[in-house]
Amino acid sequence: PSQTQPTDPATDYTKYLRFKLNDDEQSYTAYTTPSGYNGPGTELVIPSHYKDLPVTVVKDLHLSKSDVERVVLPDTVIELGDYAFSDSKVKDVVFSKNLQKIADCAFSGCTSLTQVDLPEGLVEIGASAFRRTSLTSLVLPSRSVTSKT
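Conventions adopted
Residues numbered from 1 in each chain as written. Predicted model: local features only at pLDDT ≥ 70, side-chain atom pairs only at ≥ 80, totals over all residues. Heavy atoms only, no water. Pairing = 2+ DSSP bridges. Helix = DSSP H or I, 4+ residues; strand = E, 2+ residues; numbered from the N terminus. Axes fitted to C-alpha atoms, helices over the stretch in contact; angles between N-to-C directions. Phe/Tyr/Trp six-rings, centres within 6.5 Å; stacked < 30°, edge-to-face > 60°. Buried < 20%, exposed > 50% of the residue type's maximum accessible area, 1.4 Å probe, protein only. Salt bridge = Lys/Arg side-chain N within 4 Å of Asp/Glu carboxyl O.

Moving on, we come to the pairing of strand S2 (residues 28-31). Looking at chain direction, strand S1 (residues 18-21) and S2 are connected through four bridges and run antiparallel. Directly across from Arg18, in S2, lies its bridge partner Tyr31. Hairpin remark: S1 followed by S2, antiparallel, with six residues in the connecting loop; positive phi at Glu25, about 55°. Bridging between S2 and strand S5 (residues 53-58) involves three bridges; their strand directions are parallel. Following the sheet pairing, Thr29 is matched in S5 by Val57.

Right, here's the structure in full:
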């Protein structure tokens, strides 16, 4: 997985995503409607902020009909929710260094995903988070991670 910056930093990805104010009223969750993500190109850069508040959760992006192969997560993201990238063409993920949780089925069905280098802050991986992928390399944090497989 690449640790480089987005290839097109000028693209405004907020117009292709939906945002829900989290219960703490201090942060947002990024998601899409069931009709799916319809942004341009093969890269999706999750914005770090929406309406001046951090985006801390990403879930239900419905990428299966998109051409997205690379996802860049800002360091504000602490959780990838259920089915965040499931059944998509994603093969490269730049993880948030502050990511703490990967929920159930987050990458399930991402058959192009072959390697993952998880950040040190990760503490929980949900059930079937990487089911039906093509992983040949999985680098886990050096500290303990709870797996709910």
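As a further point, take the sheet that holds strand S6 (residues 70-72). Overall, parallel pairing links the three strands, which are arranged S3-S6-S8 in an open sheet. Of all strands in the sheet, those with a lone pairing partner are strand S3 (43-45) and strand S8 (92-94), marking the two edges. Across this sheet, the average inter-strand angle for adjacent strands is 10°, counted without regard to direction. Bridge count for S3 against S6 is three bridges, and the pairing is parallel. Residue pairing for S6: Val45 is matched across the bridge by Val72.

Our next topic: the packing of aromatic side chains. Evaluation of the coordinates by the stated rule reveals six aromatic pairs. Ring geometry for Phe19 and Tyr50: centres 4.1 Å apart, planes at 10°, overall stacked. You can see Phe19 sitting in strand S1 and its partner Tyr50 sitting in strand S4 (residues 49-50), a full 31 residues away along the chain. Classification of Phe19 as buried rests on a relative accessible area of 14%. The class for Tyr50 is partly exposed, based on a relative accessible area of 24%. A centroid spacing of 5.2 Å and a plane angle of 5° characterise the contact between Phe107 and Phe130, whose relative ring orientation is stacked. Separated by 23 residues along the polypeptide, Phe107 in the loop between strand S9 (101-102) and strand S10 (115-117) and Phe130 in the loop between strand S11 (124-125) and strand S12 (137-139) bring together distant segments of the chain. Given the relative accessible area of 15%, Phe130 is considered buried. Each residue in the set Phe85, Phe95, Phe107 and Phe130 is aromatic and connected to the rest through ring pairs, giving one cluster.

Moving on, we come to the pattern of salt bridges. Here the structure, examined in full by the defined rule, presents five salt bridges. Salt-bridge contacts for Asp67 lead to Lys89; the nearest nitrogen and oxygen are separated by 3.2 Å. Of the two residues, Asp67 sits in the loop between S5 and S6 while Lys89 sits in the loop between strand S7 (79-80) and S8, which places them 22 residues apart along the sequence. Of the residues examined, Lys89 reaches a relative accessible area of 37% and is grouped as partly exposed. Ionic pairing is found between Asp92 and Arg70, a salt bridge with its closest N-O pair at 3.0 Å. In this pair, Asp92 sits in strand S8 while Arg70 sits in strand S6, placing the two residues 22 residues apart along the sequence. Across this residue pair, the class does not change: Asp92 and Arg70 are buried. Connected through salt bridges with shared partners, the residues Glu43, Arg70 and Asp92 form a single ionic network.

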